[in-house]
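Per-entry structural report
One-letter residues, chain by chain:
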Amino acid sequence: MYYLNAKKFFDDRLTIFQKTGSKNWYGRIYIDGKSKEISSKTRNFKTAKTTLFKWYHSLQYAQSHNLIIHDIQFNKLFKKYIEYRKENKSGRYTDNIENTFYSFFKDYFHNRKINSISKSTVIEYLRTRQKNYKKKSKKELSTFTLQQDLMMLSGFFTWCDENNHRSKRLRVSTKWIKEVSTVIDRDTRRTFFRIKDYDKLLSFSRGRIKETENELWKWRREYLHQFIVFMCHSGLRTGEAYNLKWSDVTYEDKLKRSNQKYCELNVTGKRGARKVYTKFGSYFALKKIEELQKSYGVKNEKVFYFRFRKGLNYLLKDVGLKYQKYGDKDLVRDSKSFRSTYISWSLINGQNIDAIARNCGTSVKVIQDFYSKYIKVEEYKKDLIKINSVKTHIR
């Protein structure tokens, strides 16, 4: 039997009872389509009755003033938040929020009640996110990534507060990242290679290939060399490049001049599917990779079927390009820097920023806020001092 010593109050709307296995008094009420139950945390009936009566009256007040009565699960509420954004704020950022929810938030927060989530819950999420990333990628997660997650959670909890889904507002702060001791304060994705650095990297790489006697190492280093060229001329994210299949590649070589050849790629990754048009360097890099795969009898549907993390790291350190100076900071370069290189070169060459953003699967705001800030004004010197078709009228 579930109820022991059950007593009814308020026209049977409130039941005060004891359970088997516990001597404390409990209260139970059916309200707003669902039942709610609470423990008085006391064995004294008189004290329990006073506590549970107050609880009952508080629920009646909440119902009459359209306040929160039932706690909703995080996942159910976040899905409603996504629906709200799609209807009112559709765009790339909303898509990114949805992807992050299904990739990270959903599994961690799962069926937690929305009012049970506090600062400590979110900080523990950050620790788990960092731990899982390090286990999978063998490196630390950047502060910027966690900032993005917190900004998304902040927007969600603000929406919860505005729609009375939480009894108390949770003000999410990016300062909470400091409480996750393993997180490093660096951002490797916005660093880029200037033309002279790019030439230095490829020259060093080519020399290293020529000096290598082991045929397998020579083959792998040539593959890495072409990977670098492809990435700097395509603007793909590293994950998008590793997802790329040969069936996604179309060579556009009708034009005779070498620098007019390009590739059309069907890319799938972080932002979903999109079409990408590369610069000429990617065209010749992919042609060379095809030759490399054939020379070793490789039959794989993927263009890059193994990773270059260690090899690239050694190469960047050996050539002295692992770090990029920015003010008093030493920014770290890795494979993500090739995408930044593509974007930075395109900006310096005066290409349309909206076209760059669409081709790279990002937004104009992200490019302006995070990529262009590392480009020094000297890079634009030629364009800044150039005047076309204007009469100066100087005597």
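Residues numbered from 1 in each chain as written. Predicted model: local features only at pLDDT ≥ 70, side-chain atom pairs only at ≥ 80, totals over all residues. Heavy atoms only, no water.

1. Here's the deal with the environment of tyrosine 305
Spelled out, the test is: What counts as a helix is a DSSP run of H or I of at least four residues, what counts as a strand is a run of E of at least two, and both are numbered from the N terminus. Whether a residue is buried, partly exposed or exposed follows from its accessible area with a 1.4 Å probe, protein chains only, as a fraction of its type maximum: under 20%, in between, or over 50%, in that order.
Tracing the chain through its elements places tyrosine 305 in the loop between α9 (280-295) and α10 (309-319). According to the relative accessible area criterion, tyrosine 305 is partly exposed, its value standing at 30%. For tyrosine 305 and lysine 245, which are 60 residues apart along the polypeptide, the C-alpha to C-alpha distance reads 9.2 Å.

2. Some thoughts on a positive patch on the surface
Note the following rule: Patch construction takes residues with relative accessible area above 30% that form no salt bridge. Like charges are linked within 9 Å, and nonpolar side chains (Val, Leu, Ile, Met, Phe, Trp, Tyr) are linked within 5 Å. Note on areas: these come from Shrake-Rupley sampling with a 1.4 Å probe, and a residue is covered only by the protein chains present in the view. What counts as a salt bridge is simple: a side-chain nitrogen of Lys or Arg found within 4 Å of a carboxyl oxygen of Asp or Glu. His residues and chain termini do not enter the charge count, which takes Lys and Arg as positive and Asp and Glu as negative. The atom standing in for a charge is NZ when the residue is Lys, CZ when it is Arg, CG when it is Asp and CD when it is Glu.
A cluster of like positive charges, contributed by Lys34, Lys76, Lys79, Lys80 and Lys113, occupies part of the molecular surface. If one sorts the elements of the positive patch by residue count, helix α2 (residues 74-88) sits on top with three residues. Relative to the helices and strands, lysine 79 resides in helix α2.

3. Remarks on the sheet that holds strand β5 (residues 249-252)
Stated formally: Here a strand pair is declared whenever DSSP counts at least two bridges between the two strands. Each axis is a line fitted through C-alpha atoms, taken for helices only over the stretch in contact, and angles between the N-to-C directions span 0 to 180 degrees.
One open sheet holds the three strands; their spatial order is β5-β6-β7, and the pairing between them is antiparallel. On the outer flanks of this sheet lie β5 and β7 (272-277), each paired with one strand and no other. Sheet twist, expressed as the mean angle between neighbouring strand axes with direction ignored, is 15°.

4. Overview of unusual backbone geometry
For aspartate 11, which is not glycine, the phi dihedral falls at a positive 55°. Its place among the elements puts aspartate 11 in the loop between β1 (4-9) and β2 (14-18). Positive phi, normally seen in glycine, also occurs at histidine 110, with a value near 45°. Mapped onto the secondary structure, histidine 110 falls in the loop between α3 (92-109) and α4 (119-137).

5. Regarding helix α11 (residues 336-348)
Count 3.6 residues to each turn of an α-helix, and residues three or four apart come out pointing the same way. This is how the line gets drawn: The span you would expect from a helix comes to 1.5 Å times its residue count less one.
End to end, α11 covers 19 Å across 13 residues, agreeing with the expected 18 Å (1.5 Å per residue, within 8%). Among the 13 residues that make up α11, twelve are buried, leaving the element largely enclosed by the rest of the structure. Buried within α11 we find Ser337, Phe338, Arg339, Ser340, Thr341, Tyr342, Ile343, Ser344, Trp345, Ser346, Leu347 and Ile348. Residue glycine 350 follows α11 closely and has a positive phi angle near 80°.

6. Here we look at the nonpolar core
The cut-off we apply is this: We call a set of buried Ala, Val, Leu, Ile, Met, Phe, Trp, Tyr and Cys residues a nonpolar core when their side-chain atoms join them within 4.5 Å. Two residues form a contact once any of their heavy atoms are found within 4.5 Å.
Grouped together as the largest cluster of nonpolar side chains are 41 residues, with contacts concentrated most on Ile228, Phe230, Leu265, Leu286 and Phe304. Counting only elements with at least two residues in this core, the list comes to α6 (195-211), α7 (215-232), α8 (238-243), β5, β6 (262-269), α9, α10 and α11. Contacts of phenylalanine 304, omitting those with residues within four sequence positions, involve Tyr223, Phe227, Phe230, Ala241, Tyr242 and Ile289. Listed in part, the 31 residues of the second largest apolar core include Phe78, Ile82, Tyr125 and Phe157.

7. Re α2
Threshold: Each C-beta atom gives one direction from the helix axis, and the arc is the one those directions make.
The end-to-end C-alpha distance of α2 is 21 Å, a good match for the 21 Å that 15 residues give at a rise of 1.5 Å each. Regarding α2, the residues found buried are Phe74, Asn75, Leu77, Phe78, Tyr81, Ile82 and Arg85. On an axial view of α2, the arc spanned by its buried residues comes to 160°, and they lie on one face. Counted as exposed and oriented over 90 degrees from the buried face of α2: Lys76 and Glu87. Of the surrounding elements, those touching the buried residues of α2 are α3 and α5 (143-162).

8. What to know about the sheet that holds strand β4 (residues 34-39)
Taken in spatial order, the four strands line up as β1-β2-β3-β4 in an open sheet, and their pairing is antiparallel. The sheet terminates laterally at β1 and β4, the two strands that pair on one side only. Neighbour to neighbour, the strand axes of the sheet diverge by 20° on average, direction disregarded.

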